[in-house]
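# Examining the three-dimensional arrangement
If you want the building blocks of each chain, they are given just below.
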Amino acid sequence: MEDSIHQINDPSFREAFNLAVERAMLILGESGRQAVCYHVEKSFGLKRGEWPKKPELFEEVLRRIFGFGAELLLKAIVFELYSNLGLEFDLKGKIDFSYIIRQAERQAEKRRKPCKVGKSRCRFSTIQSSYKRDARVE
């Protein structure tokens, strides 16, 4: 049986998760996104670097902040993550956020291929470098 809090250790997956959260939270507007990020860290003690490592806790915090409205934000995060990783997922009904995040990590790991040295690069590394370009750092 898995631990209650699944640890996501792949650094490129963590970057993909953080970028998906940043993009999804923009449905709240830039100032709304910043306010939520601040509140998650200051009021709940969950730092940004811990979000992808503790998806269950991150989900719980968002549900405490937004109540039933968290479902929309969680679906947006999942949509962004799966979309950015080139994975398919059906977002109908209520979601089990932490389970879906673990599934995305597993699927991304299966799709990853060793990168070749030189001009040829694998798809996952190309996606990873686009995350670094697109990520908004405060």
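Each value, and the rule that gives it
- Counting from 1, residues in each chain are numbered in the order their sequence is written.
- In keeping with the model being predicted, local features are shown solely for residues with a pLDDT of at least 70 and side-chain atom pairs are shown and tallied solely at 80 or more, while totals for entire chains, interfaces and linings include all residues.
- No hydrogens and no water enter the side-chain calculation; it runs on all heavy atoms of the structure.
- Here a strand is any run of E in DSSP of at least two residues, a helix any run of H or I of at least four, and the numbering for each starts at the N terminus.
- Multiplying 1.5 Å by the helix residue count minus one yields the expected span of that helix.
- Partly exposed residues are those whose accessible area sits between 20% and 50% of the maximum for their type, while under 20% is buried and over 50% is exposed, using a 1.4 Å probe and protein chains only.
- To pair, rings of Phe, Tyr and Trp, with the six-membered ring standing in for Trp, must have centres within 6.5 Å; the planes then decide the type, stacked if under 30 degrees apart, edge-to-face if over 60, and tilted in the middle.

## Regarding helix 5 (residues 97–111)
For helix 5, which comprises 15 residues, the first-to-last C-alpha distance of 21 Å matches the rise-based estimate of 21 Å (1.5 Å per residue) to within 8%. All of the buried residues in helix 5 are F97, S98, I100, I101, R102, A104, E105 and A108.

## Comments concerning the environment of F13
Topologically, F13 is positioned in helix 1 (residues 11–24). Here the alpha-carbon distance between F13 and A108, two residues 95 residues apart in the chain, equals 7.9 Å.

## Description of the packing of aromatic side chains
Across all of its chains, the model carries 4 aromatic pairs by this definition. Considering the side-chain rings of F17 and F58, the 6.0 Å spacing of their centres and the 75° angle between planes classify their relative orientation as edge-to-face. Of this pair, F17 sits in helix 1 while F58 sits in helix 3 (residues 55–66), placing them 41 residues apart in sequence. Side by side, F17 and F58 carry an identical accessibility label, which is buried. Put simply, the rings of F17, W51, F58 and F97 pair up and form one aromatic cluster.

This is a description of form; function is not addressed.
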